[in-house]
Amino acid sequence: MKAPLSWILDLVDVPAGTTTEEITDRLTLTGLKLEAIVSPGREITGPLVIGRVLTMEPEPQKNGKTINWCTVDVGAELNAAHGTGEQSGGVGIVCGAHNFAPGDLVVTVLPGGVLPGGFEIGARKTYGHLSAGMICSARELGLGEDHDGIIVLPPDAGEPGQDVRPVLGLDEETIEFEVNPDRAYALSLRGIAREVLVSVEGASGFRDPTLRDTPAANDEGHPVVVEDAEGCPVFVARRVDGFDPAAATPDFMVQRITAAGMRPISLAVDVTNYVMLETGRPIHGYDADTLQGAIVVRRAREGEKLTTLDGTARTLDPGDLVVTDDSGIIGLGGVMGGETTEISGTTTSILVESAHWDAVSMYRTGRRHKITSEAGKRNERGVDPTICEAAADRVVELLVEHGGGTAHPGVTVVGTPPAMPVVEVAGDLAARVSGMPITEEQSVECLRAVGCDVSGSGTLSVTPPPWRPDLTDAQDFSEEVVRLVGYDKVPSVLPTPPSGRGLTRSQQLRRRVGRTLAGEGYVEVVSFPFVGEADLDALGLAADDPRRDLLRLSNPLNTEAGFMTSTLLPGILRAAGKNVGHGTTDVAIFETGTVTLPRHAGPAAILPVDRRPTDAELEALDAALPAQPLHLAVVAAGDAVAGGWWGEARPVSWSDAVDAVRSVADALGLEVTASAVELAPWHPGRCAELSVAGEVVGHAGEVHPTVCQAFGLPKRTVAAEVDLDLLIARAVHLRTAPTFSSYPVAKEDVALVVDASVPAADVETALREGAGELLESIRLFDVYTGDQVGEGKKSLAYALRFRAADRTLKEGEAAAARDAAVARAAERTGAVQRA
Amino acid sequence: MSGPNTDYDPVEVTPLKADQVEAMREAALAAIAAAADLDALKQVRLDHAGDRSPLALANREIGALPPQARKEAGQRVGQARGAVNRAIAARQTVLEAEHEERMLAEETVDVSLPTTRRRRGGRHPLTLQSELIADLFVAMGYEIAEGPVVEAEWLNFDALNLGPDHPARTMQDTFWTEPAEDHVVLRTQTSPVQARTMLTRTPPIYVVCPGRVFRTDEYDATHSPMFHQVEGLVVDKGITMAHLKGTLDHFASQLFGDDITTRFRPSYFPFTEPSAEVDVKCFVCRNIEPQSCRTCRGEGWIEWGGCGVVNPRVLVACGVDPEVYSGFAFGMGIDRSFMFRHDLEDLRPLFEGDVRFSSAFGTEI
Ligand SMILES: [Zn+2]
């Protein structure tokens, strides 16, 4: 809400010498937050004066334009200071506009002046003349967009040479407030002035613009029938006849409406807006001559249509409140009028509608039709229902005063304002809520100050004022008291929580996972979880891949990323690609985040709020949400170990991706087994399915070259994605302390030749089983393929260590165990020991 | 050297003569001293202390002496041999030390060579900021509560006193999901976690909930459709705004520095009543001559978040008896806190995944 200071001070007095900042500081502390103090002339410095055009000579130019070479009288002193002698009785100014004539008073900026945007004015040679300044348009002064011509001041504006700032209201300060939804009353000067009254020390003399004698209702007014009194509890209609449609809006009104952020349109419209700003009550004006028969207010019927003022043809909803006459629907009540009864440039009779509308209906209609308007903003937040007659009367008054019409004696008033509820509020509630020693007397005083009616003691019976529909609960009144006592006076006291249990195990382990990967050289990234089908195509996912089952957003910011992702890979691959694009060609990153896996389990119910839902209801609520497991993804590209004086670089390999997961699993006390699988987006021959205790937890390997290309990554980029929730759930909590044998170790090496397709993990498993309990460890130290083992074969060389817990192994014992291991491997995998 | 030895012994052995032994000893010691390296000393040892060395040969002759002369000769030769062996050992030690010194000198490297073979990892600054905040509250006895980001509309709005027609619903530009009748949203705040906490725990409740939230804000320097919030919730007997103020003052001083306090301004949130905006005193200028301060833009205070006393309606919907318990709640942007704590003006680097950004913060902030 933007409120001109002069307007506020029309309605309330502050002690002499109170600065604007003092007023806004206090209002901020009591809940009307200052956004900005602006004045249109803030950026204008230097001589800006009234000038009288003495002569103007049109001079056509080569470029097709015609300029006016003018003599402008800016007062004797300035004429002398800035005149060049070329003209007499004034200064010479070149002007491109034509909307003025000799004798007119104009706004003149002289050399040394600075206009908004830092535009410095000097005497300059232009179109063959020395132009000593400029005749200003509204836009040049920052007073609006009107650039059709220069400003022509009224003949009584003042004398040449006089400062034009006060005439144009350039120094008028406008305060912009942030108005919270519970303070709809502050969307009016009336409300803001009232806040000044209760907030600013020494403020007094509040002049409520709605406190006025209004003519009593009679039968002579325009007939109105309200069929839905809940939707429209009060409907007031007044009429002005003989209105001059050409009458201009007075300057003060134009300035105030403009300062408040609205656009002046015509006197009739400007008056309704002015009164809305002043009182908070939106007003609608009809061209009375276009109305046919009685006005009827009702809900719309299915399929009814209306073209609103903005030219949009709308199909109405049975929830919409409409204003009708014999011709049909003429307006969307409280939200926007219709075209057929719109006030036009020929309107001479105006019917003024000042009605109170149900806020919820207003909100719904506004949302349904996507209409945001100054009227709607107020109606949907709640307007004082008791001021309909006063606001209508004020409109009639201003229309008559400035538009030359006469007030029709008819006064239509249908309905009565709904009564405000009486709320029981404990006298000590404000003290209990705030922790401040606020007495009941103080509370009562504060509540009365904001307009409440208070009676009783101990338990107070409080009736909020009609402009405060937000005050419904006892606790709401405590805020009114505390804000007036002062939020700045709330003491600072630490509560004493019971002993906490610290981080949960899962929270600790997630930190451990992050630290482990950082220790392994991976940098954490955070990506948005939005994806599009094209991203999944880029991953090369098959049509039936379960990861294509996505939760769709109704209103994505970007239609190409209209879903919640089911995999972290698109985001992290994109991030890796960006790094490579920025020249970080050796990159290793990781990300943890939840993914969204729809369960298609039906709706999440809207439960009641007047009680705790049952456990069954809560369970059903959770079951209706998608599964959202926490995933971990890593991507690495380029070199894992840089080259340098120490030797060659080592490029990343599929095994780095597997090892990243293994390092995480190690940190959690888990062992990961890998087996070959074909799965997008990985290389079909270089993808590992990773399992823990037989359960698949994720995948790792080299990214398919096509996918690499799609994400701007080099070939051989590697990636992994695992379900971190699964890993964490399986993490070993209490690890058993190990015991070591102090007897000597016996080492045996074996080299086994197997078919190239036999997984090394299978050979190792067989060796372990066959070796028996004396086997302490086994390590694959070489893999060889080539001539010496033959086509389609590979040689796996293992170092086996044997040791007994309680004795030194006897001669031959280790060898026997080794032979048993080899025998088992031969039996399981066809392995043949190499000579 | 030979000559008649009439007055002493008929069998006279030349090598055992005192001056002879002395000469052998001198020769040996001279050779030892002259040995320049371990190889030379090895030869000296063979020549002067080996089986064929003059002193060893002299020693063999002792047996040929008359008994009364053996003792003296034995002593003489033994002393000489002892002296030679000690000298060799001493020289050996010196030469070994010299050798080692030389060898080490030869192994000198350029220690200024680069050493980083592997990339350094790092954690995301927002993760670190969240953990830091969580730790501050855990230290006070709070626990960390969590909930899903794809959330039921009822928990994100209705349970928090944001009914279907509440104007404040449009203030939080919500991502809705399809089908619309499923009533599922991307949570616009971490407040549904507070509701979940009250629904599943009994007071006293002292929790903070850090997490990701979503709003349909176009992505620019100061807006992001995804950002991070931390909310706190306390429900206990006799909780007041004063406890809220005390907690946030403590939080502010822990996060931004000693004596950094907060300021409350009345505000509106459906889930709290009374509600307040929280400003934190600028930790750069400390509100002392803030005019030229870039961090607070001359205000002396920085907008930090929102807070208030839990609205009894929320307590009721979440199964807490408002006659017995009261509570407070607060919420701050983690990203925002990070941005002004670390002088970051544009938030986008937080979500761009550029490793140069995250690496700068290492694993702890
Ligand atoms: Zn500052």
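Residues numbered from 1 in each chain as written. Chains lettered and ligands numbered in written order. Predicted model: local features only at pLDDT ≥ 70, side-chain atom pairs only at ≥ 80, totals over all residues. Heavy atoms only, no water.

Student: How would you sum up the overall build of chain A? Please name residues and give values.
Tutor: Secondary structure summary: chain A contains 22 helices and 43 strands in total. Since a compact globule built from 835 residues should have a radius of gyration of about 28 Å, the 41 Å found for chain A marks it as more spread out than a globular shape. Along the longest, intermediate and shortest principal axes, the C-alpha atoms of chain A span 125 × 80 × 60 Å. Within chain A, residue pairs in contact and separated by at least 24 positions form 71% of the contacts whose partners lie at least 6 positions apart. Approximately 36,500 Å² of chain A is accessible, and the part contributed by carbon and sulfur atoms is 50%. Seen as two clouds, the 73 positive and the 118 negative side-chain charges of chain A have centres 8 Å apart. (Helix = DSSP H or I, 4+ residues; strand = E, 2+ residues; numbered from the N terminus. Rg over C-alpha atoms; globule rule 2.2 N^0.38 Å. Contact = heavy atoms within 4.5 Å. Areas by Shrake-Rupley, 256 points an atom, 1.4 Å probe, with all protein chains shown as cover. Lys, Arg positive; Asp, Glu negative; His and termini not counted. Charge placed at Lys NZ, Arg CZ, Asp CG, Glu CD.)

Student: Can you explain the sheet that holds strand β43 (residues 832-833) of chain A? Please cite residues and give values.
Tutor: Residues and elements named next belong to chain A. The 4 strands lie next to each other as β41-β42-β40-β43, forming an open sheet whose pairing is antiparallel. If you trace the sheet from one side to the other, it starts and ends with β41 (775-784) and β43, each paired once. In terms of strand pairing, strand β40 (residues 746-755) meets β43 through 2 bridges, oriented antiparallel. When the bridges of β43 are listed, Val 753 appears paired with Val 832. Here helix α21 (residues 760-771) sits on the sheet in contact with β40, β41 and β42 (793-802), set at roughly 35° to β42. The strands touched by helix α22 (residues 813-829) within the sheet are β40, β42 and β43, with β40 carrying the most contacts at an inclination of about 15°. (Pairing = 2+ DSSP bridges. Axes fitted to C-alpha atoms, helices over the stretch in contact; angles between N-to-C directions.)

Student: Can you break down the nonpolar core residue by residue, with the values?
Tutor: Residues Met 198, Leu 248, Phe 251, Phe 264, Trp 304, Phe 330 and Leu 350 of chain B are the most contacted members of the largest nonpolar core, which totals 120 residues. Top element by residues in this core is helix α9 (residues 241-256) of chain B. It accounts for 8 residues. Here Phe 330 of chain B is in contact with Phe 137, Gln 194, Val 208, Val 230, Glu 231, Gly 232, Leu 244, Thr 247, Leu 248, Phe 251, Gly 306 and Cys 307 of chain B, once residues within four sequence places are set aside. Residues Met 1, Leu 11, Ala 193 and Tyr 274 of chain A belong to the second largest nonpolar core, which totals 50 residues. (Core = buried A, V, L, I, M, F, W, Y, C linked by side-chain atoms within 4.5 Å. Buried < 20%, exposed > 50% of the residue type's maximum accessible area, 1.4 Å probe, protein only.)

Student: Tell me about the environment of Lys 237 of chain B, and please be specific about residues and values.
Tutor: All names here are of chain B. Within the secondary structure, Lys 237 sits in the loop between β5 (226-236) and α9. Separated by 33 residues in the primary sequence, Lys 237 and Pro 204 place their C-alpha atoms 7.6 Å from one another. The contact partners of Lys 237, leaving out residues within four places of it in the chain, are Val 324 and Tyr 325.

Student: Give me the lowdown on the sheet that holds strand β20 (residues 321-325) of chain A, citing residues and values where you can.
Tutor: Residue and element names in this part refer to chain A. An order of β14-β17-β20-β21-β22 is seen for the 5 strands of this open sheet, with the pairing classed as mixed. Looking at strand neighbours, the two that pair on one side only are β14 (224-226) and β22 (336-337), the edges of this open sheet. Sheet topology note: the strand β17 (residues 295-299)/β20 ladder contains 4 bridges and is antiparallel. Directly across from Arg 299, in β20, lies its bridge partner Leu 321.

Student: With reference to specific residues and values, describe the domain arrangement of chain A.
Tutor: Per the domain assignment, the segments of chain A are domain 1 (2-39 + 173-199), domain 2 (48-168), domain 3 (224-414), domain 4 (423-488), domain 5 (505-730) and domain 6 (746-833). The C-alpha centroid of domain 5 of chain A is placed 54 Å from the C-alpha centroid of domain 4 of chain A. (Domains from an automatic or database assignment.)

Student: Got a sec to walk through the pattern of salt bridges? Specific residues and values, please.
Tutor: Across all of its chains, the model carries 68 salt bridges over all chains by this definition. A salt bridge links Arg 824 of chain A to Glu 769 of chain A; the nearest nitrogen and oxygen atoms lie 3.2 Å apart. Of the two residues, Arg 824 of chain A sits in helix α22 while Glu 769 of chain A sits in helix α21, which places them 55 residues apart along the sequence. Since its relative accessible area comes to 38%, Glu 769 of chain A is described here as partly exposed. The salt bridge partner of Arg 265 of chain B is Asp 279 of chain B, with a shortest N-O separation of 2.9 Å. With Arg 265 of chain B in strand β6 (residues 262-269) and Asp 279 of chain B in strand β7 (residues 272-281), this residue pair connects regions lying 14 residues apart in the sequence. Just as Arg 265 of chain B is buried, Asp 279 of chain B falls in that class too. Because the salt bridges share partners, they merge into one network encompassing Arg 183, Glu 195, Arg 468, Asp 470, Glu 479, Glu 480 and Arg 483 of chain A. (Salt bridge = Lys/Arg side-chain N within 4 Å of Asp/Glu carboxyl O.)

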